[in-house]
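# Per-entry structural report
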There are 2 protein chains.
Amino acid sequence: MESVPSPRRVVLTPGARRALDAAGRLFYERGIHAVGVDLIATEAGVTKKTLYDRFGSKEQIVVEYLADRDERWRAFLAGHLDTAGDSPGRRLTAIFDASREWTAENSAKGCSMVNAHAEISDPAHPAYAVIVGQKRWMLDLFAGVCRDASVRDPETLARTVMLLHEGALVSHGLQVFPEAVQLASDQASALLAAAAGPAR
Amino acid sequence: MESVPSPRRVVLTPGARRALDAAGRLFYERGIHAVGVDLIATEAGVTKKTLYDRFGSKEQIVVEYLADRDERWRAFLAGHLDTAGDSPGRRLTAIFDASREWTAENSAKGCSMVNAHAEISDPAHPAYAVIVGQKRWMLDLFAGVCRDASVRDPETLARTVMLLHEGALVSHGLQVFPEAVQLASDQASALLAAAAGPAR
DNA sequence: TTCAACCTATACCGATCTGTATACTTTTGT
DNA sequence: ACAAAAGTATACAGATCGGTATAGGTTGAA
């Protein structure tokens, strides 16, 4: 039903999988340009030859890193949505619950897509599509929930929820204040209830 | 009244000023680690010796870049706030108006502090204080406005406005949808009005 | 006038970067 | 059993990195 956005061309052999895991951790924690391929190889316990036999270039490792992380996030989110039922309110809460758990476990430094975007200047870079694709997909997801809630202006509400969500990821990463995702969740739910309530 | 948070130790001679301007543009557009000191020197029309005589290290150039940008943003914002009067509603609008103009002119790739944070892993890095300092200062600014509005829970409202603001900067930088800052402004104003309205 | 501050020009250093080459070993499916 | 795939180990290439050294030129104020 849905087109798979992953531009993956790499077969993940055991060595490639370990390399991708190590690269993902290092890229996220230290930044993409600050991590060299030698370090990735050492941390993964593979040789540089294996890296280049599987991925071909560092750029491709970066693309796989983002595509893999996007894939895992969507699967994690799908697990939460599957148990949320059909109520728009519950579905919205499920999304933010997933974000709260995900950020607590895997996103102490904020959104990996936003962070990667900070280091990539060329819009023709293949990672760009992955980054922008996830954001557009999240906006579409919010829009679907808002449309199902029969609010007056679902697109505007979805965009506002998107602002709260993105703002929470940033605020969490920079530790501006605690429980940012929970606050965003509460405020988004309140907005949805206020917009859907009067129509009932 | 307010302590100046700038950790600046550098005298900005004409050559240093040109270097800092070039570094700022390059760091923001391409990322910090992707820009070498040779490129900065070439673009600024100075020699590397001048760079190191004035700044001492690339790390210090990074700190000056962020501190300078923070300083210019605060001055730009102060200009808008000075003409806004004392009304909390007008002051909030003035902040978002400033953000809207600033992002349109100087922040096509999102918040420079957030982007720099993505490339810095060590919390002991001197740039960290500048980055986190600006976010905390913005939150305090929102909190002051909300307190003046006599709303029930000014701290929570300020944090919510912060989420909208940060989310708008990210969404603008990633071009998730157009006019993100304007939407954040409208939503923040609506929240303030809703929270202050019933008490009047 | 003289001295210090500021600057250009150029060459260099050791380290690190992405990527490749060569030779050999292990695993795996048929 | 055998061949292809996947892996290790190591060395190396060319470029670029941050940073330094040396020598000389320009400017402005005491």
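Preceding block: the structure.
Quick look at the structure, then. From a predicted model like this one, the values you see are computed outputs, not experimental measurements.

## Section: the overall build of chain A
Secondary structure summary: chain A contains nine helices and zero strands in total. From first element to last, N terminus to C terminus, chain A shows the α and β order α-α-α-α-α-α-α-α-α. For chain A, the spread of C-alpha atoms along the principal axes amounts to about 65 × 40 × 30 Å. The proportion of buried residues among the 200 residues of chain A is 44%. Put simply, 62% of the contacts in chain A that link residues at least 6 apart link residues at least 24 apart.

## Comments concerning the protein's contact with DNA strand D
What surrounds DNA strand D is a group of 20 residues, the closest being Thr13(A), Gly15(A), Thr50(A), Gly36(B) and Lys58(B). Ranked by the residues each element gives to the surface near DNA strand D, the list is headed by helix α3 (residues 48-55) of chain A, at four residues. Its residues assigned to classes, the surface near DNA strand D comprises six nonpolar, seven polar and seven charged.

## Some details on the environment of Ile95(A)
All names here are of chain A. Mapped onto the fold, Ile95 is located in helix α5 (residues 88-106). By C-beta crowding, Ile95 is classed as buried, having 22 other C-beta atoms within 10 Å. A sequence separation of 13 residues divides Ile95 from Ala108, and the C-alpha atoms of the two residues are 18 Å apart. Excluding anything up to four places from it in sequence, Ile95 contacts Leu77 and Leu141.

## Describing the relation of the copies chain B and chain A
Superposing chain B onto chain A takes a rotation of 180° plus a shift of 0.0 Å along the axis, which leaves an RMSD of 0.0 Å. Those values place the two copies in the arrangement expected of a two-fold rotation axis. Judged by C-alpha distance, Gly167(B) is the residue of chain B that lies nearest the rotation axis, at 1.9 Å. Of the residues that chain B buries at the interface, 100% are likewise interface residues in chain A, meaning the two copies contact each other through the same surface.

## Some remarks on helix α5 (residues 88-106) of chain B
Residues and elements named next belong to chain B. When the terminal C-alpha atoms of α5 are compared, their 26 Å separation across 19 residues agrees well with the 27 Å that a helix rising 1.5 Å per residue should span. Taken together, the buried positions of α5 are occupied by Pro88, Arg91, Leu92, Ala94, Ile95, Phe96, Ala98 and Ser99. The inward-facing, buried residues of α5 abut α4 (58-82), α7 (126-148), α8 (154-174) and α9 (180-196).

## As for the protein's contact with DNA strand C
Taken together, 20 residues lie near DNA strand C, and Gly36(A), Lys58(A), Thr13(B), Gly15(B) and Thr50(B) sit nearest. Those elements that provide at least two residues to the surface near DNA strand C are α2 (37-44) and α3 of chain A together with α1 (14-30) and α3 (48-54) of chain B. When residues of the surface near DNA strand C are assigned to their parent elements, the largest contribution, four residues, is made by α3(B). Class assignment of the residues belonging to the surface near DNA strand C gives a composition of six nonpolar, seven polar and seven charged.

## Overview of the nonpolar core
Formed by 120 residues in total, the largest nonpolar core has its most connected members in Leu66(A) and Leu66(B). The greatest single-element share of this core, amounting to ten residues, is contributed by α8(B). Contact partners of Leu66(B), with chain neighbours within four places excluded, come to Ser112(B), Met113(B), Ala116(B), Ala127(B), Val130(B) and Ile131(B).

## Quick word on the packing of α4(B) against α7(B)
Residues and elements named next belong to chain B. Contact geometry for α4 and α7: axes closest at 8 Å, N-to-C directions at 15°. What the angle tells us is that α4 and α7 run roughly parallel. Judged by the sense of rotation from one axis to the other, the crossing of α4 with α7 is left-handed. Along its contact with α4, which presents Val62, Val63, Leu66, Ala67 and Asp70, the element α7 presents Pro126, Ala127, Val130, Ile131 and Gln134.

## Thoughts on the interface of chain B and chain A
Contact residues are listed per partner, giving 34 residues for chain B and 34 residues for chain A. When contributions to the side of chain B that touches chain A are tallied by element, the ones reaching two or more residues are α1, α6 (112-119), α7, α8 and α9 of chain B. Looking at the side of chain B that touches chain A element by element, the count peaks at twelve residues for α8(B). Its residues assigned to classes, the side of chain B that touches chain A shows 17 nonpolar, ten polar and seven charged.

## Points about the packing of α7(B) against α8(B)
All names here are of chain B. Direction vectors running N to C along α7 and α8 enclose 130°, while the axes themselves pass 8 Å from each other. Between α7 and α8, the crossing angle belongs to the class labelled oblique. For the pair α7 and α8, the sense of crossing is right-handed. Contacts between α7 and α8 involve Met138, Leu139, Phe142, Ala143, Cys146 and Arg147 from the first element and Pro154, Glu155, Leu157, Ala158, Arg159, Val161 and Met162 from the second.

How each quantity is defined
Residues numbered from 1 in each chain as written. Chains lettered and ligands numbered in written order. Predicted model: local features only at pLDDT ≥ 70, side-chain atom pairs only at ≥ 80, totals over all residues. Helix = DSSP H or I, 4+ residues; strand = E, 2+ residues; numbered from the N terminus. Buried ≥ 20, exposed ≤ 12 C-beta atoms within 10 Å, placed from the backbone. Contact = placed C-beta atoms within 7 Å. Near = placed C-beta within 6 Å. Nonpolar A, V, L, I, M, F, W, Y, C, P; charged D, E, K, R; others polar. Least-squares fit on C-alpha atoms with pLDDT ≥ 70 in both. Expected span 1.5 Å × (residues − 1). Core = buried A, V, L, I, M, F, W, Y, C linked by C-beta atoms within 7 Å. Axes fitted to C-alpha atoms, helices over the stretch in contact; angles between N-to-C directions. Parallel < 35°, antiparallel > 145°, perpendicular 65-115°, else oblique. Left-handed = near helix turned anticlockwise from the far one by under 90°.

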